[in-house]
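Single-letter residue listing:
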Amino acid sequence: MYVQIDLDDRAGTLRVSAHGMPTVELVRAPGTTPDPHIPIGTRKRDLLTLTVDGEPARIRPSRGRLLRRSYRVDAHVGGVRYRLVPCGYIDSRLIREGRPLGTLESSGDGRVDEDWAPGTVPEPLDRAVGTALAAAFGTGAAPWWETLGDIVGELIP
């Protein structure tokens, strides 16, 4: 199934749509300065608005610090809980209601590759929300020990 991903990092807008799939829109508050390391421009939940087929949904990106887990993004859509959390350098695991659905990969360029777990047939909502989260925040993260090593390396002359 072809999924249309329209990401405007400067304006802070993302729209994910496809035939037979709900439309997901994520918008950064107008007038805010974007963080160039985050495709949608921010991880501050107060500056983000998420809608699915025009209905409001909740989004809670974590701060993104030392641990991979700190880069997780939670979304609550129509009573369904989703989490996208890094599981490697370039990919993140999509979880619905505590159950892993598969992995997604996006470098923040508006494209998302998906690899669903064996035996898993994602629902249209799963694909729409997962694609939007991956496109908006990117996927993957370095392990904590590597990040810490980089920080220490920068401090030593």
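Scroll up for the structure.
First, a word on scope: everything that follows refers to the structure included in this document. (Residues numbered from 1 in each chain as written. Predicted model: local features only at pLDDT ≥ 70, side-chain atom pairs only at ≥ 80, totals over all residues. Heavy atoms only, no water.)

Before going further, it helps to spend a moment on the pattern of salt bridges. Counted by the stated rule, this structure contains six salt bridges. Residue Asp 74 is joined to Arg 83 by a salt bridge in which the shortest nitrogen-to-oxygen separation is 2.6 Å. The class of Arg 83 is partly exposed, set by a relative accessible area of 33%. Between Glu 114 and Arg 127 there is a salt bridge; the shortest N-O distance is 2.5 Å. Taken together, the positions of Glu 114 in strand S10 (residues 113-116) and Arg 127 in helix H1 (residues 124-137) put the pair 13 residues apart, joining distant regions of the chain. According to the relative accessible area criterion, Arg 127 is buried, its value standing at 11%. Via salt bridges that share partners, Arg 96, Glu 123 and Asp 126 belong to a single interconnected network. (Salt bridge = Lys/Arg side-chain N within 4 Å of Asp/Glu carboxyl O. Buried < 20%, exposed > 50% of the residue type's maximum accessible area, 1.4 Å probe, protein only. Helix = DSSP H or I, 4+ residues; strand = E, 2+ residues; numbered from the N terminus.)

Moving on to the pairing of strand S7 (residues 80-86). Walk down a regular strand and you will see the side chains alternate between the two sheet faces. Sheet analysis places strand S6 (residues 73-77) next to S7, joined by five bridges and oriented antiparallel. When the sheet's bridge partners are listed, Asp 74 is paired in S7 with Arg 83. Alignment of S7 against strand S8 (residues 91-96), held across five bridges, turns out to be antiparallel. Bridged to Val 85 within S8 is Arg 93. Between S7 and S8, which pair antiparallel one after the other, the connecting turn spans four residues. (Pairing = 2+ DSSP bridges.)

Sheet strands pair by backbone hydrogen bonding; their relative direction is either parallel or antiparallel. Ordered in space as S1-S2-S3-S4-S5-S6-S7-S8-S9-S10, the 10 strands form an open sheet in which the pairing is antiparallel. At either margin of the open sheet sits one strand with a lone partner, and together these are strand S1 (4-8) and S10. With strand direction ignored, the average angle separating the axes of adjacent strands in the sheet is 20 degrees. Pairing analysis gives six bridges linking S8 to strand S9 (residues 99-105), with the strands arranged antiparallel. Bridge assignment links Leu 94 to a residue of S9, and that residue is Gly 102. Along the sheet, H1 contacts S1, strand S2 (13-18), strand S3 (21-28), strand S4 (48-52), strand S5 (55-61), S6, S7, S8, S9 and S10; its crossing angle with S3, the most-contacted strand, is approximately 25 degrees. (Axes fitted to C-alpha atoms, helices over the stretch in contact; angles between N-to-C directions. Contact = heavy atoms within 4.5 Å.)

Time to look at the side chain of Ser 17. Locating Ser 17 in the fold gives a position in strand S2. If near-sequence neighbours (up to four positions away) are discounted, Ser 17 is found in contact with Val 3, Gln 4 and Thr 23.

Its place among the elements puts Arg 28 in strand S3. Within the buried set, Arg 28 has no salt-bridge partner at all; the shortest N-O distance to an opposite charge, 7.4 Å, is to Asp 8. Engagement of the side chain of Arg 28 in a polar contact is seen with the backbone oxygen of Asp 9, the distance being 3.2 Å. Here the side chain of Arg 28 touches Ile 40 through a polar contact of 2.8 Å, landing on its backbone oxygen. (Lys, Arg positive; Asp, Glu negative; His and termini not counted. Polar contact = N/O pair within 3.5 Å; in protein donor to acceptor, adjacent residues only side chain to side chain.)

Glancing now at the environment of Ser 62. Mapped onto the secondary structure, Ser 62 falls in the loop between S5 and S6. Note: C-alpha distance between Ser 62 and Lys 44 (18 residues apart in sequence) is 8.1 Å. Look past the residues within four positions of Ser 62 in its chain and what remains in contact with it is Arg 43, Ser 70 and Arg 72.

Relative to the 20 Å expected for 14 residues at 1.5 Å per residue, H1 spans 20 Å between its end C-alpha atoms, a close match to the ideal helical length. The buried count for H1 comes to 12 of 14 residues, which makes it a mostly enclosed element. The complete set of buried residues in H1 reads Asp 126, Arg 127, Ala 128, Val 129, Gly 130, Thr 131, Ala 132, Leu 133, Ala 134, Ala 135, Ala 136 and Phe 137. Where H1 ends, the next residue or the one after it, Gly 138, has phi of about 75 degrees, a positive value. (Expected span 1.5 Å × (residues − 1).)

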